Amino acid sequence: VTSVERKALFDAVKGAKKIYIIEEGRAAIIGSGVNISQPEGSMVIDIGGGSTDIAILSLDEIIASKSIRIAGNRFDEDIVRYVKRKYNLLIGDRTAEKIKKEMATALKVQSPEVMEIKGRDLESGIPNTVEINANEIYEAIEDSLFQIVNSTKEVLEKCPPELAADILDNGIVMTGGGSLIKNFIDMMEKEVGIKVFLSPNPLDSVVLGGGVAFDNKKLLRTLQMREN
């Protein structure tokens, strides 16, 4: 969060004796069932709606991390732009999200699914229908997918040598709605050369992790806190 967003958050919860802020990546990995209190390295890629948070953690602390504003909402925007450019068809955000959820893939496939989509033809101004396939959606979101992959590699490059072996053994946890894109885990494994696992609760891991952290006094001591 920015300093303005942080102030707005504190203002919104006036009356609380203490306010703790937990990083999204830290909450996500805790909510995925990983014990970050152990003296070993763990890594998470949390692909939410507005941002992707990547972090390496050990002993309740974040060792290396990066947050980028490329996630589910960006994928939707990519799809809108692609359909507009290729088919001269304007579609809405809800249609783009539906396409993403049902057809988005992080790897090209042999027999891609096909979907009929409706929108407004930009030349005639009247509603029109076109067919689009999963491999076209891959083309639409490819750049954004690889920006997440490259950011993951950047964080791995900052990993201390003593924790690198742990991550190689334990793998990387992917969570958040964006992690549900078909073949994204396979793509990430292929690009970084490390086993990648999907969180048991990818859509809820952040809020679950926040709840667990609230009950962990040792962990709370490592979080940013403000007294009201």
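Here, every reference points to the structure presented above.
Residues numbered from 1 in each chain as written. Predicted model: local features only at pLDDT ≥ 70, side-chain atom pairs only at ≥ 80, totals over all residues. Heavy atoms only, no water.

## Comments concerning the overall build of the protein
Where we set the bar: For helices the rule is a DSSP run of H or I covering at least 4 residues; for strands it is a run of E covering at least 2, with both sets numbered from the N terminus onward. Three exposure classes are used, based on accessible area relative to the maximum for each residue type with a 1.4 Å probe and protein chains only: buried under 20%, partly exposed in between, and exposed over 50%. The contact rule is simple, with two residues in contact once any of their heavy atoms fall within 4.5 Å. Areas reported here follow the Shrake-Rupley algorithm with a probe of radius 1.4 Å; residue values treat only the protein chains shown as occluding. Charge assignment in this entry is limited to Lys and Arg as positive and Asp and Glu as negative, and neither His nor the chain termini are counted. By convention, the point assigned to a charge is CZ for Arg, NZ for Lys, CD for Glu and CG for Asp.
Helix and strand content of the protein: 9 helices and 10 strands. Taken along its principal axes, the extent of the C-alpha atoms in the protein is 60 × 45 × 25 Å. Relative to its full complement of 228 residues, the protein shows a buried share of 43%. Contacts spanning at least 24 positions in sequence make up 62% of the contacts within the protein whose residues lie at least 6 apart. Within the structure as shown, the protein displays about 12,000 Å² of accessible surface, and the carbon and sulfur contribution to it stands at 50%. Averaging the positions of the 29 positive and the 35 negative side-chain charges in the protein gives two centres separated by 6 Å.

## Points about the pattern of salt bridges
Heads up, the condition is: Between Lys or Arg on one side and Asp or Glu on the other, a salt bridge is scored when a side-chain nitrogen of the former is within 4 Å of a carboxyl oxygen of the latter.
Counting across every chain of the model gives 13 salt bridges. The partner of Lys7 in a salt bridge is Asp11, and the shortest N-O contact between them spans 3.0 Å. Of this pair, Lys7 and Asp11 both sit in helix α1 (residues 3–12), separated by 4 residues, roughly a single helical turn. With a relative accessible area of 32%, Asp11 lands in the partly exposed category. With a closest N to O distance of 3.8 Å, Arg74 and Glu77 form a salt bridge.

## What about the nonpolar core?
Side chains that are nonpolar tend, in soluble globular proteins, to be buried together. For clarity, the threshold we go by: Only buried residues count toward a nonpolar core. Its members are Ala, Val, Leu, Ile, Met, Phe, Trp, Tyr and Cys residues joined through side-chain atoms within 4.5 Å.
Membership of the largest hydrophobic core comes to 47 residues, with the highest contact counts inside it found for Ile79, Ile91, Ile117, Ile148, Phe184 and Met188. Among the elements that line this core, the one with the most residues is helix α5 (residues 134–157), at 9 residues. Those residues in contact with Ile79 that lie beyond four places of it in its chain are Ile91, Ala96, Ile99, Lys100, Ile137, Ala140 and Ile141. Grouped together as the second largest cluster of nonpolar side chains are 9 residues, Ile29, Ile30, Ile36 and Leu57 included.

## Description of a nonpolar patch on the surface
Test applied: In this scheme, patches are assembled from residues that exceed 30% relative accessible area and form no salt bridge. Like charges are connected within 9 Å, while nonpolar side chains (Val, Leu, Ile, Met, Phe, Trp, Tyr) are connected within 5 Å.
On the surface, a nonpolar cluster with roughly 290 Å² of combined accessible area is contributed by Leu180, Leu198 and Leu203. With respect to the helices, strands and loops of the structure, Leu203 is situated in the loop between β9 (196–198) and α8 (205–214).

## Looking at the packing of helix α3 (residues 72–87) against helix α4 (residues 93–103)
Which entries qualify depends on this criterion: Only the contacting stretch of a helix is used when fitting its axis, a line to C-alpha atoms as for every element, and angles between N-to-C directions run 0 to 180 degrees. Note on terminology: angles under 35 degrees are roughly parallel, angles over 145 are roughly antiparallel, angles of 65 to 115 are roughly perpendicular, and the others are oblique. Only Asp, Glu, Lys and Arg are considered charged in this grouping, and only Ala, Val, Leu, Ile, Met, Phe, Trp, Tyr, Cys and Pro are considered nonpolar; every other residue, Gly among them, is considered polar.
Contact geometry for α3 and α4: axes closest at 9 Å, N-to-C directions at 105 degrees. As the angle between them shows, α3 and α4 are arranged roughly perpendicular. Contacts between α3 and α4 involve Gly72, Phe75, Asp76, Ile79 and Val80 from the former and Asp93, Ala96, Glu97, Ile99 and Lys100 from the latter. Counted by class, the contact of α3 with α4 contains 5 nonpolar, 1 polar and 4 charged residues.

## Brief notes about the pairing of strand β8 (residues 172–175)
Selection criterion: Pairing between two strands is assigned when DSSP locates at least 2 bridges connecting them. Call a crossover right-handed when, viewed with both strands pointing away from you, the route from the first strand across the helix to the second goes clockwise.
What you see with β8 is no split at all: Ile172 and Met174 on one side and Val173 and Thr175 on the other are buried throughout. Note: β8 against β9, 3 bridges, orientation parallel. Bridging across to β9, Val173 finds its partner in Phe197. Chirality of the crossover, the property in question, places the unit of β8, helix α7 (residues 184–192) and β9 among those that are right-handed.

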